[in-house]
Amino acid sequence: MKTQAICVVVLALGMASGGASAKGCLEGAAVGGVVGHVAGKHAVLGAAGGCAVGSHEANKKDKQRAAQAHASDAAAAAPAASSAPDTKK
């Protein structure tokens, strides 16, 4: 019965959240639910906490990737600008 409740909560969290915010939520909820269940029969609380932490970590990772992509784009554009032909004579 408790396993069914965990599955229902995880599925409900997955359906309720949007596509972007669900990245880490489902993974975190699954891990948090198991840990909460083992630690003291608090699977739902663990799933909620895991969802919050998983979403936060996924957002941090996305920001880090965006910053790296921006830095690599800026580095790639810098040599192209300096290789323009010199028109002064």
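Each value, and the rule that gives it
Residues numbered from 1 in each chain as written. Predicted model: local features only at pLDDT ≥ 70, side-chain atom pairs only at ≥ 80, totals over all residues. Heavy atoms only, no water. Helix = DSSP H or I, 4+ residues; strand = E, 2+ residues; numbered from the N terminus. Buried < 20%, exposed > 50% of the residue type's maximum accessible area, 1.4 Å probe, protein only. Contact = heavy atoms within 4.5 Å. Disulfide = S-S within 2.5 Å. Salt bridge = Lys/Arg side-chain N within 4 Å of Asp/Glu carboxyl O. pLDDT = per-residue confidence, 0-100.

Another point: the overall build of the protein. Secondary structure assignment for the protein yields three helices and zero strands. Mapped in sequence order, the helices and strands of the protein form the string α-α-α. In the protein, which comprises 89 residues, the proportion classed as buried is 19%. Look at the contacts in the protein between residues 6 or more apart in sequence, and 42% of them connect residues 24 or more apart.

Take the state of the cysteines next. Evaluated as defined, the whole model comprises one disulfide. Residue C25 pairs covalently with C51 via a disulfide, S to S 1.9 Å. The sign of the -95° torsion about the S-S bond sets the C25-C51 disulfide as left-handed. One end of the pair, C25, is in helix α2 (residues 22–40); the other, C51, is in helix α3 (residues 43–82), with 26 residues separating them in the sequence. Here the two residues C25 and C51 agree in accessibility, since each one is buried.

This paragraph deals with the pattern of salt bridges. This structure, assessed with the given rule, holds one salt bridge. A salt bridge links K60 to E57; its shortest N-O distance comes to 3.5 Å. One end of the pair, K60, and the other, E57, are both in helix α3, three residues apart, so they sit about a helical turn from each other. Classification of K60 as partly exposed rests on a relative accessible area of 45%.

Moving on to the confidence of the model for the protein. Low pLDDT marks regions whose predicted coordinates should not be analysed in detail. Counting all residues, the mean pLDDT for the protein is 79, and 65% of those residues have values of 70 or more. When pLDDT is averaged over each helix and strand of the protein, the minimum, 66, is found for helix α1 (residues 2–16) and the maximum, 90, for α2.

Of note in the backbone geometry, K41 takes a positive phi value of approximately 60° without being a glycine. Looking at the element boundaries, K41 is found in the loop between α2 and α3. The class for K41 is exposed, based on a relative accessible area of 56%.

Right, let's talk about the environment of A58 for a bit. Its place among the elements puts A58 in helix α3. By relative accessible area, which is 15% here, A58 ends up buried. Apart from the residues within four sequence positions on either side, A58 is in contact with K23 and G24.

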